[in-house]
Structure formats: structure tokens, C-alpha cells
Amino acid sequence: MKIVADDKIPFLKGALEPFAEVVYIPGKQISREILKDSDALLIRTRTVCNENLLEGTSIRFIGTATIGFDHIDTHYCRRNKIIWTNAPGCNSSSVQQYIAAALLRISSEHHFNLKDKTLGIIGVGNVGSKVEKFARSIGMNVLLNDPPRARMEGKKNFHSLNIVLSGSDILTVHIPLNLVGEDQTWHLFNEESFKKIKKGAWFINSSRGEVTDTYALKKALYSGMLSGAVIDVWENEPDIDPELLQQAFIATPHIAGYSSDGKANGTAMIVNSLNKYFILPSENWYPSNVPPPASPYISIDCISKTDEEIIREAVIHTYNIDKDNIRFRLSPKDFEKLRGDYPVRREFPSYSVKLKNGSEKTQKTLASLGFGIVV
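Here is what the cut-offs are and how they apply
- Residues numbered from 1 in each chain as written.
- Predicted model: local features only at pLDDT ≥ 70, side-chain atom pairs only at ≥ 80, totals over all residues.
- Heavy atoms only, no water.
- Buried < 20%, exposed > 50% of the residue type's maximum accessible area, 1.4 Å probe, protein only.
- Helix = DSSP H or I, 4+ residues; strand = E, 2+ residues; numbered from the N terminus.
- Arc of directions from axis to C-beta.
- 1 Å grid on protein atoms, 1.4 Å probe; cavity = no way out; pocket = protein on both sides within 12 Å on 5 of 7 lines; lining within 4 Å.
- Points joined across faces, edges and corners; volume = space filled by probe spheres on them.
- Nonpolar A, V, L, I, M, F, W, Y, C, P; charged D, E, K, R; others polar.
- Pairing = 2+ DSSP bridges.
- Axes fitted to C-alpha atoms, helices over the stretch in contact; angles between N-to-C directions.
- Contact = heavy atoms within 4.5 Å.
- Core = buried A, V, L, I, M, F, W, Y, C linked by side-chain atoms within 4.5 Å.
- Expected span 1.5 Å × (residues − 1).

Asks: What should I look at first to understand helix 15 (residues 360-368) in this one?
Replies: For an α-helix, the turn length of 3.6 residues means that residues three or four places apart are oriented alike. Along helix 15, the residues that are buried comprise Thr 362, Thr 365 and Leu 366. One side of helix 15 holds all its buried residues, which, seen down the axis, span an arc of 95°. Set apart from the buried face of helix 15 by more than 90 degrees, the exposed residues are Glu 360, Lys 361 and Lys 364. Once helix 15 finishes, Gly 370 follows within two positions and takes phi at roughly 110°, a positive value.

Asks: What am I meant to see in unusual backbone geometry here?
Replies: With glycine set apart, most residues show a phi of negative sign, and most peptide bonds adopt trans. Of note, the bond from Glu 237 into Pro 238 is cis; its omega dihedral lies within 30 degrees of zero at 0°. Considering the arrangement of structural elements, one finds Pro 238 in the loop between strand 10 (226-231) and helix 10 (242-247). Backbone geometry places Lys 81, a non-glycine residue, at a positive phi of 55°. Among the structural elements, Lys 81 can be located in the loop between helix 3 (74-79) and strand 5 (83-85). Its identity as a non-glycine residue notwithstanding, His 254 has a phi of 60°, on the positive side. Considering the arrangement of structural elements, one finds His 254 in the loop between strand 11 (250-251) and helix 11 (260-277).

Asks: Mind showing me how you'd approach the layout of surface pockets here?
Replies: Over the atoms a probe the size of a water molecule is rolled, and this reveals where empty space is left. Taken as a whole, the second largest pocket encloses approximately 350 Å³ of empty space. Along the wall of the second largest pocket there are 18 residues; nearest its centre are Thr 318, Tyr 319, Asn 320, Lys 323 and Val 344. For the lining of the second largest pocket, the secondary-structure elements that each account for two or more residues are helix 12 (307-318) and helix 13 (321-330). Along the lines of polarity and charge, the residues of the lining of the second largest pocket split into nine nonpolar, four polar and five charged.

Asks: What am I meant to see in empty space enclosed by the protein here?
Replies: Taken as a whole and assessed by the stated rule, the structure comprises one cavity of 30 Å³ or more. A volume near 50 Å³ is recorded for the largest cavity. Asn 205, Gly 209, Thr 212, Thr 214, Leu 217, Ile 231, Val 233, Trp 234, Glu 235 and Leu 244 together form the lining of the largest cavity. Residue composition of the lining of the largest cavity, grouped by class: five nonpolar, four polar and one charged.

Asks: Sorry, what's going on with the sheet that holds strand 5 here?
Replies: The strands that make up a sheet are held in pairs by hydrogen bonds between backbone atoms, and each pair lies either parallel or antiparallel. Reading across the sheet, the five strands line up as 2-1-3-4-5 and stay open at both edges, with parallel pairing between neighbours. Each edge of the open sheet carries a strand with a single partner, namely strand 2 (21-25) and strand 5. On average, adjacent strands in this sheet sit at an angle of 15° to one another, irrespective of strand direction. Set on the sheet, helix 11 makes contact with strand 1 (2-6), strand 3 (40-43), strand 4 (61-64) and strand 5; between it and strand 4 the angle comes to about 165°.

Asks: Got a minute to help me understand the nonpolar core in this structure?
Replies: Soluble globular proteins: nonpolar side chains tend toward being buried together. Ranked by size, the top nonpolar core spans 50 residues in total, and within it Tyr 98, Leu 103 and Phe 371 carry the most contacts. Counting only elements with at least two residues in this core, the list comes to helix 4 (92-109), strand 6 (118-122), helix 5 (126-137), strand 7 (141-145), strand 9 (201-205), strand 12 (297-301), helix 12 and strand 13 (352-356). No other element matches helix 4, which puts nine residues into this core. Not counting residues within four places of it along the chain, the set of residues in contact with Phe 371 comprises Ile 298, Ala 314, Val 315, Thr 318, Phe 348, Tyr 351, Val 353 and Leu 366. Counting residues in each nonpolar core, the second largest holds 30 residues, with Ile 197, Val 211, Ile 231 and Leu 244 among its members.

Asks: Explain helix 4 to me, please; I cannot follow it from the model alone.
Replies: Between the first and last C-alpha of helix 4 there are 26 Å, a value that for 18 residues agrees with the 26 Å anticipated at 1.5 Å per step. Of all 18 residues in helix 4, 14 are buried, a share of seventy percent or more. Within two residues after helix 4, His 111 carries a phi angle of roughly 55°, on the positive side.

Next up, the structure:
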């Protein structure tokens, strides 16, 4: 059995070698010639799997260690009996951590309390639901927009896009890239939609760059219609728009979901799917070499601090978003390298917090986010 794998899939090396020949190649260099005699392909978003790549090969299984799968021609795969799988929800807690850090950074810099603001969440799947949980835990008002869920569950808990746009102080986007269909999301955020946004709102996109019209976003920022933007995903990655980079309050190279936990989860999901498909003996595999955090213990003196300030201190200890912002601005041409060499980032459950003079309410909030609480 032969498997071709993107050499940047974390924690993969060694997992499948007992059962197969595994060839590791940079994602963009994976070619039809290499796949001719291969049984399985393990990828990330940089490998486009369509007829041009797959025709004439012996590939029977494709696994992408990512939530998104718009880089896979699923219709071609179905017609040619190629099984494919993605890793839904693998890095949802990582993106929750990223959004939490971004929100707390915005509120700190611009001197307002998040509990006084309304957060509009566009897309309330695995990621959006965890962002909602964080927002509610710190007292934010929340408006939800998710047409597929609204059709399935009823409209009671959801609002139209126009209501969310006009009623939110901060908008955060967590939707897949759908080029066509009832739920088309390509350039969902365009000049028309930005005109409907509450004046002075903030815009955060950590889903897909192409759901936003870059020109329209720049125009909304230049005009003052938006107070600012946090951008993790870009049209035409890795060749990003330098003007948007300059305008963004926080700019990062598509790493919102790049926690070590999220990477390990994604790799485990596709490895276990492959094992099941090919009836390999390894079951419930998970990487054993996920690095621990450098400082897993957090001690916070809560005297004269608000709940939000305490939560900010805990979140920033786990992830200082400014470091990613600065690294990217210093070297935007190294977009792929910054992703490939991304440092260890562990999620909230890898940390324990001891609050000195803290309230039970704050402890409960931190515990609800996954932090361990030291009494």
C-alpha cells in the first residue's frame, strides 16, 4: 500500500509506516505522476484535488486534515468512487481561542467592555457555536445567522443576515466557501452588505478569504464605515493584498485554527478514517508527541480587576495574538513559512488558573472555557 502525504501535516510521520509506504511531499508539489501508483492521499488546503490531479491515478481515498474541503472536487470523487473525508470541528477550540484573544485585544485597545456590546456570529457550526459560548460567558449580547441551521431547526434562535449586520457592534464570520447554490458565500460580504453594517462596527474573518470582497472591505475601512478589522484569511493566499494588511487592526497568516491541539485532532481524524477504510489494525490513534505549553500554570491577583480584565489575562497567557500580528507584518511574503513553522500553541484545557482574591463567578467562567481551576 502506498500513501502520499503533505509533508506539513503535523504529527503524521510514523503513524502509518507500520502498514504502508508513505511518501511525504510539499502540498503544492503533489502531482498526477506521483499519485499514479498510490492508494491514498493525505493533504491540507494547498493541494487542489480535481480531475487534473486525479485522472489516471489509483487513488481510492483522500483525507484533508482541515475543516474546509473546497479544495476537493467532491463531484469528481463521487463519480470515480474515490472516498474523501475532512476533519470537521478539529480546530474549533483553537479558533475560539483566537477570536477570544482578538475580542479582548480590541476591547482593551479601544477602552470598552465586551459585555456592553453585541456580537454577530455569521455561521454557527462547530466553530461559531464555541465562539457563541465564549461571548455569552463574558456577558455579550449575541445575534446568530445560519440559514442551513435555521431551515432545519426553525428560525427562533436565528436572525436574517440584514438584522445581524445592522444590529451588531462586532461581526465574526465562520462559514464555508460555497461558490454556488442556496447558501452561496463567495463575496457574501461585498459593497452592498458593508453598507448595511452598523456604522463603526468591527469585522473579523477567520473562515475563508473569498467570502469577502477585498476591495469592498478596504473601502468600508477607508470610509470609516467600519472601525477596524481582524483578518486571518485572505483572497488569493498567499499573495495577499498589501493595502488590506496595512489597514487591518490585527492581521495573521491563516493560523486561527493552528493550535497544536487542533492540528493533532485533524491529523488523528484523517488517520483513523484511513485506518477504517483500509481495515488497518490501528484504532483510535492519537499523536503521543503533542508538546506541552511552556507555562501551564497561571496565577492572577484579582484585586481591583474586573472580570473581563481577569479573563483577558488568562486568555493572553495561553495565546498572545499580538505576536502573530507582528511576525506577519514584519514578513508578509513569508506567509507559508509562518504557517509551516508555527510555534506551539496549546488551548485553554492545557492550563490551570489560580485566582487570588477572585470570585466564584469568575472561576466558573474560566472553568466553562476549559481552564483547570486551582483552589
